Amino acid sequence: MQKIINEIKLDFDDVLLIPQRSTLTSRSEINLERKFYFYHSTRTWTGIPIICANMSFCSFDMAKALAKYKMIACLHKYHTVDELSNYFNEYPEQIPYCFVSIGYKKSDLNKLLEFKNKTNIQPNICIDVPNGHMDVFVKYCKKVRDHFPESIILAGNVTNTSSTQELLIYGGVDVVKCGIGGGSACTTRFITGCGVPQLTCCLDNSYVAHGLQNGDKKLGLICSDGGHKNSGDVCKALCAGADFVMLGGYFAGTDPCDGEWEYEYLARKAGIADEFWQPIDSGSNGPVRKTTFTYYGMSTHHAQDLYEDSIKEYRASEGTKIKVAFKGPIDKVIQELLGGIRSSCCYIGSSSIKNMSKCGQFCRVNHIHSNIKPLFGV
Ligand code: 5GP
């Protein structure tokens, strides 16, 4: 093994997409939907390949809001079987866009089996562990696959291409979730010194995943997870070969987030759009608005404390707490994101999200950002 890999691994901020000649005439021509076939699952999936991370704020309101756009919500793993059954019963049309998350625990798998027995539904599944490189994880994923042959299985996280190959070939996984240490509420890089810059992670892992085929159009796929601060980073991930992009912090603070809100009880201010004001409950008649939202890395003691009986003493928290300003209705944030992707496609001459990885060419840069931040972002 080479002790130091000298080749530089790149993050989103280390590159820009080079504008290209284009025959496109309007942003409205851009096709944002993709149709996927999967390495194992016999299902096909059509939609916009953006996923809300299975963090504590991703609950049913988020799922409803995203399903409108044919985007995916990975529900956090603490919903009960009854809650899940009721939701899927009430909104059967949202089943393709609503993934049920589990971790690496016997009780997690048991819950999923109980759900299947009760509803006769094989839901799409997100298997999420901090370090998916472990051999036992591949075996665990295979076990889930054996119980849920039809489900689309998204699992990770890994950064190593060999683990991506193994999860696809032997673990029964359809989409490998790639990225360690890049998340907005993640402190893994500081606590453990481990991680891989996300752009390189996408480039390398999509390359090996797309090289694996299990029948007509049934390729291995990846999802880029962690560190997308703005729509530009999402565009870079898609150009680097990510089939799906998972966002946590980007959606945190939008209207449908479940969790810790702060409110302000003030008279309406001139200049603040009406939709930013809303009552906390139907009984309140004064002007009240959401001001901030606090979210927690899922490995923080706080996030685990909310739901789990005991915190393991041998585990360090690799997450932190972040307070963000209220971002308003999620539709605005999504429109901003999709507008950014459409515009990026126009700059690089791509007629669709699907073609972004073919059209996008990167140049390395020393420094791209001044202090300017987009309206929405992390
Ligand atoms: P973001 O879009 O916020 O940059 O990244 C979201 C991703 O961060 C999640 O999908 C998950 O993979 C990762 N993440 C969430 N909470 C934690 C945590 O407490 N610790 C670590 N290491 N990663 C986390």
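The rules behind these values
- Residues numbered from 1 in each chain as written.
- Predicted model: local features only at pLDDT ≥ 70, side-chain atom pairs only at ≥ 80, totals over all residues.
- Heavy atoms only, no water.
- Helix = DSSP H or I, 4+ residues; strand = E, 2+ residues; numbered from the N terminus.
- Buried < 20%, exposed > 50% of the residue type's maximum accessible area, 1.4 Å probe, protein only.
- Areas by Shrake-Rupley, 256 points an atom, 1.4 Å probe, with all protein chains shown as cover.
- Near = heavy atom within 4 Å.
- Polar contact = N/O pair within 3.5 Å; in protein donor to acceptor, adjacent residues only side chain to side chain.
- Nonpolar A, V, L, I, M, F, W, Y, C, P; charged D, E, K, R; others polar.
- Pairing = 2+ DSSP bridges.
- Axes fitted to C-alpha atoms, helices over the stretch in contact; angles between N-to-C directions.
- Core = buried A, V, L, I, M, F, W, Y, C linked by side-chain atoms within 4.5 Å.
- Patch = residues over 30% accessible without salt bridge, like charges linked within 9 Å, V, L, I, M, F, W, Y side chains within 5 Å.
- Salt bridge = Lys/Arg side-chain N within 4 Å of Asp/Glu carboxyl O.
- Lys, Arg positive; Asp, Glu negative; His and termini not counted.
- Charge placed at Lys NZ, Arg CZ, Asp CG, Glu CD.
- 1 Å grid on protein atoms, 1.4 Å probe; cavity = no way out; pocket = protein on both sides within 12 Å on 5 of 7 lines; lining within 4 Å.
- Points joined across faces, edges and corners; volume = space filled by probe spheres on them.
- Disulfide = S-S within 2.5 Å.
- Phe/Tyr/Trp six-rings, centres within 6.5 Å; stacked < 30°, edge-to-face > 60°.
- Lys NZ or Arg CZ within 6 Å of the ring centre and 35° of its normal.

**Student:** What should I look at first to understand the overall build of the protein chain in this one?
**Tutor:** Of regular secondary structure, the protein chain possesses 11 helices and 15 strands. Relative to its 378 residues, the protein chain shows a buried fraction of 51%. When the accessible area of the protein chain is evaluated, it comes to approximately 18,000 Å², of which 50% is carbon and sulfur surface.

**Student:** Explanation requested: the site of the ligand in the structure shown.
**Tutor:** In the vicinity of the ligand lie 20 residues, with Ser184, Thr188, Asp225, Ser299 and Glu318 positioned nearest. Between the ligand and the protein, one listed contact pairs an oxygen atom with a backbone N or O atom of Ser299 at 2.7 Å. When isolated, the ligand has an accessible area of 520 Å², and the protein chains bury 90% of it. Tallied by class, the residues present in the shell around the ligand amount to 6 nonpolar, 12 polar and 2 charged.

**Student:** In this structure, what is going on with the sheet that holds strand β9 (residues 175–178)? I would like to understand it.
**Tutor:** Strands in a sheet are paired, the pairing made by backbone hydrogen bonds, and the direction either parallel or antiparallel. Taken in spatial order, the 8 strands line up as β4-β5-β6-β7-β8-β9-β10-β11 and close into a barrel, and their pairing is parallel. Neighbour-to-neighbour, the strand axes of this sheet turn through a mean angle of 25 degrees, independent of strand direction. Sheet analysis places β9 next to strand β10 (residues 221–225), joined by 4 bridges and oriented parallel. In the sheet register, Lys177 faces β10, and the bridge partner there is Cys223.

**Student:** Which parts of the structure should I look at to understand the sheet that holds strand β14 (residues 321–325)?
**Tutor:** Strand order in the open sheet formed by 3 strands is β12-β13-β14, with antiparallel pairing between adjacent strands. Edge positions in the sheet fall to β12 (260–264) and β14, since each has one partner strand and no second. Taking the axes of each pair of neighbouring strands and ignoring which way they run, one obtains an average angle of 20 degrees across the sheet. When strand β13 (residues 289–296) meets β14, the two strands line up antiparallel, connected through 5 bridges. Bridge pairing in β14 links Thr294 to Lys323.

**Student:** Looking at this structure, I do not really get the nonpolar core. What am I missing?
**Tutor:** One broad trend across soluble globular proteins is that nonpolar side chains are buried collectively. Judged by nonpolar contacts, the single largest core of 109 residues is most densely connected at Ile50, Ile127, Val144, Phe251 and Ile341. No other element matches the 8 residues that helix α10 (residues 330–348) contributes to this core.

**Student:** Before we go on, may I ask you to explain a positive patch on the surface in this structure?
**Tutor:** Among the surface-exposed residues, Lys35, Lys217, Lys354 and Lys358 lie close enough to one another that they form a single positively charged patch. Note that Lys217 resides in the loop between α7 (198–210) and β10. Looking at Lys217, the relative accessible area reads 47%, which means it is partly exposed.

**Student:** What am I meant to see in empty space enclosed by the protein here?
**Tutor:** Leftover empty space is mapped by rolling, across the atoms, a probe with the size of a water molecule. All told, the structure shown has 1 cavity of 30 Å³ or more when counted by the stated rule. Approximately 50 Å³ is the volume found for the largest cavity. Looking at the lining of the largest cavity residue by residue, the classes come out as 9 nonpolar, no polar and no charged.

**Student:** Would you explain the state of the cysteines in this entry?
**Tutor:** Each disulfide consists of one covalent bond between the sulfur atoms belonging to two cysteines. Counted by the stated rule, this structure contains 0 disulfides. As a non-bridged cysteine, Cys178 has Cys201 as the owner of its nearest cysteine sulfur, 5.0 Å distant. Unpaired in terms of disulfides, Cys345 finds its nearest cysteine sulfur in Cys235, a separation of 6.9 Å. By relative accessible area, which is 0% here, Cys345 ends up buried.

**Student:** How do you make sense of the packing of aromatic side chains when you look at a structure like this?
**Tutor:** The relative placement of two aromatic rings is captured by the distance of their centres and the angle of their planes. Under the defined criterion, the tally for this structure stands at 15 aromatic pairs. With a centroid separation of 5.7 Å and 65 degrees between ring planes, the pair formed by Trp45 and Tyr97 is classed as edge-to-face. Remark: Tyr97 occurs in the loop between α2 (81–90) and β6 (98–102) and Trp45 occurs in strand β3 (residues 44–47); sequence separation between them is 52 residues. Exposure class is identical for Trp45 and Tyr97. Each is buried. With centroids separated by 6.2 Å and ring planes inclined at 90 degrees, the aromatic side chains of Tyr87 and Phe88 adopt a geometry described as edge-to-face. Residue Tyr87 is classed as buried on the basis of its relative accessible area of 5%. Members of the aromatic cluster, connected to one another through ring pairs, are Phe36, Phe38, Trp45, Tyr97 and Phe244. Across from the ring centre of Phe148, 5.0 Å away, lies the NZ or CZ of Lys116, which sits over that ring. For Lys290, the ring lying beneath its charged end belongs to Trp261, and the centroid distance is 4.4 Å.

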